[in-house]
Amino acid sequence: MVKKKRISRSYYQQQKKLLQIELLKVQLWARDQGQRIMVLFEGRDAAGKGGTIKRFSENLNPRGARVVALGKPSDVEQQQWYFQRYLSQLPAAGEIVLFDRSWYNRAGVEKVMGFTSDDKYQLFLEQAPELERLLADEGIYLFKYWLSISRKEQQARFQERLRNPLKNWKLSEIDIIAQEKWEQYSEARDQMLAHTHTSHAPWVVIKSDDKRAARLNCMRHFLQQLPYEDKDETLLQELDAKVVYSPPFPAFKRRAGDKD
């Protein structure tokens, strides 16, 4: 099998600039129309969530866009309804909110690492689609992106974090265990997507071994879905179906060739 050539830096920089101009158009549209937009970025450790979010947000007006990256729940939050601390972060009219991980922690790391009970996990799988239906009915634009990375690429990125003192903080003990529990994480992901991939809040998978292709295609997909003014349709036609796709309904099934 011939390995696909990764996109060049020059093409990436040129496309990124054009797509970020489109994102600014979205922000102006959201502000003027009072639209509420929330984007959930999920995936394994080192899948590129933070880097993708940075490219989404780096040129947006911070008065109308923010990133949410919640830490470990406090003692008080652990006594609340699981979704409560996330709901307090929902976008106001005219606002874009980007979640670096979200309530889906319960179906991923909490499930695999034993940080939640089976009863709470099952309740989450039942409640998440209903909550997301309420958000959609309320008129909130909800996007859910799963950044998919191969085991080999994840290991390479972990090694880079070990070598680079500017990235050491990104590597935790749980990250190391994630490699050991690769198959458990795969099973948890498949169960999560099967139960929460719905017509009103579908998952979109972004193949992210090539960071540049992942970022560009994630932005293109996001922009395609929104009816903002003065959209550059020709720019968005370059969406790569080999990088971004949405699983079939009603249940997620691993696509042939996916090894993540």
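Our structure's up above, just so we're on the same page.
The sections below set out a description of the structure shown in this document. Source: prediction; values computed, not measured.

Thoughts on the overall build of the protein
And then number 1: Counting secondary structure elements, the protein contains ten helices and six strands.
And then number 2: Computed over C-alpha atoms, the radius of gyration of the protein comes to 18 Å, within 12% of the 18 Å expected from 2.2 N^0.38 for 260 residues, which places it in the range of a compact globule.
And then number 3: Considering only C-alpha atoms, the protein reaches an extent of 50 × 45 × 40 Å along its principal axes.
And then number 4: Residue burial in the protein is summarised as follows: out of 260 residues, 48% are buried.
And then number 5: Across the protein, the fraction of contacts at a sequence separation of at least 24, relative to all contacts at a separation of at least 6, is 79%.
And then number 6: The centroid of the 44 positive side-chain charges in the protein is displaced by 7 Å from the centroid of its 35 negative side-chain charges.

A few points about the sheet that holds strand β5 (residues 203-207)
And then number 1: If you walk across this open sheet you meet the six strands as β2-β3-β1-β4-β5-β6, and the pairing is mixed. Of all strands in the sheet, those bounded by a partner on one side alone are β2 (65-68) and β6 (244-245).
And then number 2: Note that β2 and strand β3 (residues 96-100) share four bridges and pair parallel. Directly across from Ala65, in β3, lies its bridge partner Ile96.

With respect to helix α8 (residues 182-196)
And then number 1: With 15 residues, α8 extends 21 Å between its outermost C-alpha atoms, agreeing within 8% with the 21 Å of an ideal straight helix rising 1.5 Å per residue.
And then number 2: Turning to α8, the residues buried within the fold contact α4 (109-113), α5 (118-137), β4 (141-148), α6 (151-163), α7 (173-180) and β5.

Re α5
And then number 1: Taking 1.5 Å per residue as the helical rise, α5 with its 20 residues ought to reach 28 Å, and the 29 Å between its terminal C-alpha atoms agrees with that figure.
And then number 2: Of all the bends in α5, the greatest, near 30°, is centred on Gln127, and the proline Pro129 appears no more than four residues after it.
And then number 3: Of the surrounding elements, those touching the buried residues of α5 are β1 (37-43), α3 (84-87), α4, β4 and α8.
And then number 4: Following α5 by one or two positions, Gly139 has its phi on the positive side, about 95°.

Notes on the environment of Ala93
And then number 1: By the element assignment, Ala93 lies in the loop between α3 and β3.
And then number 2: Residues Ala93 and Gln35, 58 residues apart in the sequence, show an inter-C-alpha distance of 5.4 Å.
And then number 3: The residues touching Ala93, leaving out its near neighbours within four places in the chain, are Gly34, Gln35 and Arg36.

Observations regarding the packing of helix α1 (residues 9-33) against helix α9 (residues 211-224)
And then number 1: At a closest axis distance of 10 Å, the pairing of α1 and α9 adopts a crossing angle of 25°. The orientation of α1 with respect to α9, classified from their angle, is roughly parallel. Every pair of crossing elements has a handedness; the one defined by α1 and α9 is left-handed. In this structure, α1 contributes Arg9, Tyr11, Tyr12, Gln15, Lys16, Leu19, Gln20, Glu22, Leu23 and Val26 to the contact, and α9 contributes Arg212, Arg215, Leu216, Met219, Arg220, Phe222 and Leu223.

Notes on the environment of Tyr12
And then number 1: Along the chain, Tyr12 falls in helix α1.
And then number 2: Counting along the chain gives 203 residues from Tyr12 to Arg215, while the straight-line C-alpha distance between them is 9.2 Å.
And then number 3: Residue contacts for Tyr12: discarding those within four places in its chain leaves Ile7, Arg55, Arg212, Arg215 and Leu216.

Focus on the nonpolar core
Inside soluble globular proteins, nonpolar side chains tend to come together where they are buried.
And then number 1: By size, the foremost hydrophobic cluster in this structure holds 35 residues, and its most contacted members are Val26, Ile37, Phe41, Tyr145, Ile206 and Phe222.
And then number 2: Every element with two or more residues in this core is listed here: α1, β1, α2 (49-57), β3, β4, β5, α9 and α10 (233-236).
And then number 3: With seven residues, the single largest contributor to this core is α9.
And then number 4: One finds Val68, Val97, Leu193 and Ala201 within the second-largest nonpolar core, a separate group that totals 26 residues.

Regarding the pattern of salt bridges
Any two side chains of opposite charge can pair, on the condition that their charged atoms come close.
And then number 1: Counted under the stated rule, the structure contains 17 salt bridges.
And then number 2: A salt bridge links Arg106 to Glu110; the nearest nitrogen and oxygen atoms lie 2.9 Å apart.
And then number 3: For Arg106, a relative accessible area of 12% gives the class buried.
And then number 4: According to the relative accessible area criterion, Glu110 is buried, its value standing at 13%.
And then number 5: Two residues, Arg189 and Asp190, come together in a salt bridge whose shortest N-O distance is 2.9 Å. We note that Arg189, like Asp190, is buried.
And then number 6: Among the ionic contacts, a cluster of salt bridges with common partners joins Arg6, Glu153 and Arg157.

Describing the packing of aromatic side chains
In this description, an aromatic ring pair is defined by two values, namely the gap between the centres and the angle between the planes.
And then number 1: Scanning the model with the defined rule gives 18 aromatic pairs in all.
And then number 2: Pairing Tyr104 with Trp203 gives two aromatic rings, centres 4.8 Å apart and planes at 65°, and the pair type is edge-to-face. You can see Tyr104 sitting in the loop between β3 and α4 and its partner Trp203 sitting in strand β5, a full 99 residues away along the chain.
And then number 3: The class of Trp203 is buried, set by a relative accessible area of 0%.
And then number 4: Three or more aromatic residues joined by ring pairs form one cluster here, namely Trp81, Tyr82, Phe83, Tyr86, Phe99, Trp103, Tyr104, Phe124, Trp146 and Trp203.
And then number 5: Sitting over the face of the ring of Trp182, Arg44 holds its NZ or CZ atom 3.5 Å from the ring centroid.
And then number 6: For Lys111, the ring lying beneath its charged end belongs to Tyr121, and the centroid distance is 4.5 Å.

Parameters and conventions
- Numbering of residues starts from 1 in each chain and follows the order in which that chain's sequence is written.
- Totals for whole chains, interfaces and linings use all residues, but because this is a predicted model, local features are given only for residues with pLDDT of at least 70 and pairs of side-chain atoms are given and counted only at 80 or more.
- With hydrogens and water stripped out, all remaining heavy atoms of the structure feed into the side-chain values.
- Put simply, DSSP marks the helices as runs of H or I at least four residues long and the strands as runs of E at least two long, and each gets a number from the N terminus on.
- Only the C-alpha atoms count toward the radius of gyration. The rule for a globule is 2.2 Å times the residue count to the power 0.38.
- Classification of residues uses two cut-offs on accessible area relative to the type maximum, computed with a 1.4 Å probe and protein chains only: under 20% is buried, over 50% is exposed, and between them is partly exposed.
- It only takes one pair of heavy atoms within 4.5 Å for two residues to be counted as in contact.
- The positive count covers Lys and Arg only, the negative count covers Asp and Glu only, and His and the chain ends enter neither.
- Taken as the charge location is NZ of Lys, CZ of Arg, CG of Asp or CD of Glu.
- Strands were regarded as paired on the criterion that DSSP finds at least two bridges between them.
- Helix span, as expected, comes to 1.5 Å for every residue beyond the first.
- Bend, in this description, refers to the angle at a residue between axes fitted to the seven residues ending there and the seven starting there.
- Axis definition: a line fit to C-alpha positions, over the contact stretch in the case of helices; interaxial angles, taken between N-to-C directions, run 0 to 180 degrees.
- Throughout this description, any angle smaller than 35 degrees is read as roughly parallel, any larger than 145 degrees as roughly antiparallel, any in the 65 to 115 degree range as roughly perpendicular, and the remainder as oblique.
- It is the rotation of the near helix from the far one that decides the hand of a crossing: anticlockwise by less than a right angle makes it left-handed, clockwise makes it right-handed.
- Throughout, nonpolar core names a set of buried Ala, Val, Leu, Ile, Met, Phe, Trp, Tyr and Cys residues whose side chains join them through atoms within 4.5 Å.
- By definition, a salt bridge exists where a carboxyl oxygen of Asp or Glu is found within 4 Å of a side-chain nitrogen of Lys or Arg.
- Working definition: a ring pair exists when centres of Phe, Tyr or Trp rings (six-membered ring for Trp) sit within 6.5 Å. Plane angles under 30 degrees give stacked, over 60 give edge-to-face, the rest tilted.
- Any Lys NZ or Arg CZ that is within 6 Å of a ring centre and within 35 degrees of that ring's normal is treated as a charge sitting over the ring.

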